[in-house]
Each structure stands twice: as structure tokens, then as C-alpha cells.
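Commentary on secondary and tertiary structure
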Amino acid sequence: MLSRESSATLMSAVTAFIYKEARLQDEHQYEAWEALWTDDGVYWVPANGDDIDPEKEMSIIYDNRSRISLRVKQLLTGKRHTQTPQSRLRRLVSNIELLDQQPGGDISVASNSMVFESSLRDDTVWAARNEYRLRYVDGELRMAYKKVILVNNEKALFTLSFLI
């Protein structure tokens with residue numbers, strides 16, 4: 001069990017990491033966002049419920065680390081677009097919780113987020129519960145796993161840009 005002081009230090013580091021990840025997404029800094037991932041990372045946005053089996057049922061996004069890298073590289077070629085012009089984004093992150101920490105291993109974290117997206121087509125609000133597994137790699141926190149559970153994931157989504 002962590003001492004109160006080390007728990008507060010960990011919470012501060014985790015909170016700073018999650019805020020940084022949100023800012024990089026909002027500012028379309030995809031290379032910097034990609035650098036936050038571990039080599040075995042998984043990015044998952046389920047469809048039609050919170051706990052589906054992504055190997056058997058459709059997901060909005062279900063990417064391993066290689067696929068995350070490929071998406072970013074394709075986007076940066078300028079020949080692939082998520083949308084033109086890019087949406088303007090701002091997200092609020094709240095209710096950050098440390099759920100579990102394995103000694104010397106992964107840190108399970110959850111938070112809520114609300115993203116305001118303004119595009120030529122419309123303004124959209126995305127609300128979600130985010131689940132993370134973070135770990136220290138070379139002294140820095142990195143994401144080994146991120147699951148974004150959209151509140152409205154059981155409905156048809158008209159558009160979802162590159163990241164949520």
C-alpha cells in the first residue's frame with residue numbers, strides 16, 4: 001500500500017499526464033500524442049456497450065500500437081485526412097481516480113471527459129468515461145491502454161474524427 005505522500009505524488013503525476021494527453025489531442029499534436037504510448041499499447045473505443053469483446057464485436061476504434069503508429073504516419077503524409085479543416089476541440093477532464101497499482105507495474109486510472117468539437121458541419125459534445133493503464137518507462141509515464149467509453153456508443157455516430 002502506498003503512503004499518503006507517495007499516493008499524492010503519484011496522483012499528481014497521473015493527473016498531469018492525463019491533462020497533457022488531452023491537450024495534445026485538442027491541439028492536433030498527433031506525433032507528440034503517439035509518443036505517449038508504450039510499445040504494447042492498445043487504444044479502444046467500444047461500440048454498443050461498455051464491455052463487449054472487441055475480438056468478436058465491432059468497435060469504433062480498436063488499435064494496437066502498430067496501428068496507432070500507422071494512423072498517425074498516414075495522417076502526416078498529407079494524403080490522408082481526418083477532416084479539412086480540422087475541428088476545433090476543447091475537452092474537460094474530471095473525476096480522475098487511481099484505481100489500482102501493481103508494485104513496479106501498471107497503474108489503473110479512470111476519468112470522465114467531455115469534448116466540445118466545432119466543425120464546419122456542426123458542433124458536437126462527446127461525453128465519455130476513460131480507462132487507462134499507465135506505466136513508467138524510462139522514468140516517464142506512458143499509456144499501455146486507453147479505453148474510451150462514449151456515453152452514446154449504442155447509437156449511430158455521424159462522425160468521429162481521428163481521436164476521442
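Below is a summary of the structure that appears in this document. (Residues numbered from 1 in each chain as written. Predicted model: local features only at pLDDT ≥ 70, side-chain atom pairs only at ≥ 80, totals over all residues. Heavy atoms only, no water.)

**Points about the packing of aromatic side chains**
Scanning the entire structure with this criterion turns up four aromatic pairs. Judged by centre distance (5.6 Å) and plane angle (75°), the ring pair of Trp 33 and Trp 37 falls under edge-to-face. What makes Trp 37 buried here is its relative accessible area of 4%. Ring centres of Trp 44 and Tyr 62 lie 6.0 Å apart, and the angle between their planes is 70°; on these two criteria the pair is classed as edge-to-face. Taken together, the residues span a long stretch of sequence, with Trp 44 in strand 1 (residues 37-46) and Tyr 62 in strand 2 (residues 59-64) at a distance of 18 residues. Exposure remark for Trp 44: the relative accessible area of 6% places this residue in the buried category. (Phe/Tyr/Trp six-rings, centres within 6.5 Å; stacked < 30°, edge-to-face > 60°. Buried < 20%, exposed > 50% of the residue type's maximum accessible area, 1.4 Å probe, protein only. Helix = DSSP H or I, 4+ residues; strand = E, 2+ residues; numbered from the N terminus.)

**Description of the nonpolar core**
In terms of nonpolar packing, the biggest core is built from 27 residues, with Val 14, Ile 18, Trp 33, Tyr 43, Val 109, Leu 134 and Met 143 touching the most fellow members. Residue assignment for this core shows that the elements contributing at least two residues are helix 1 (4-26), strand 1, strand 3 (88-101), strand 4 (107-118), strand 5 (123-137) and strand 6 (140-150). Top contributing element to this core by residue count: helix 1, with six residues. When residues no more than four places from it in sequence are discounted, the contact partners of Ile 18 are Val 93, Ile 96, Val 109, Ser 111 and Tyr 132. (Core = buried A, V, L, I, M, F, W, Y, C linked by side-chain atoms within 4.5 Å. Contact = heavy atoms within 4.5 Å.)

**What about the environment of Tyr 145?**
Among the secondary structure elements, Tyr 145 is positioned in strand 6. Sequence-wise, Tyr 145 and Thr 38 are 107 residues apart; in three dimensions their C-alpha atoms are separated by 8.5 Å. When neighbours within four sequence positions are excluded, Tyr 145 is seen to be in contact with Trp 37, Val 42, Trp 44, Glu 131, Tyr 132 and Arg 133.

**Quick word on the sheet that holds strand 6**
The strand order across the open sheet formed by six strands is 2-1-6-5-4-3, and the pairing between neighbours is mixed. The sheet terminates laterally at strand 2 and strand 3, the two strands that pair on one side only. Across the sheet, the mean angle separating the axes of adjacent strands is 20° when strand polarity is ignored. Here strand 3 runs beside strand 4; their pairing, made up of 11 bridges, is antiparallel. What sits directly across from Asp 100, in strand 4, is Ser 108. Helix-sheet contacts for helix 3 (residues 65-76) involve strand 1 and strand 2, and the interaxial angle to strand 2 is about 105°. (Pairing = 2+ DSSP bridges. Axes fitted to C-alpha atoms, helices over the stretch in contact; angles between N-to-C directions.)

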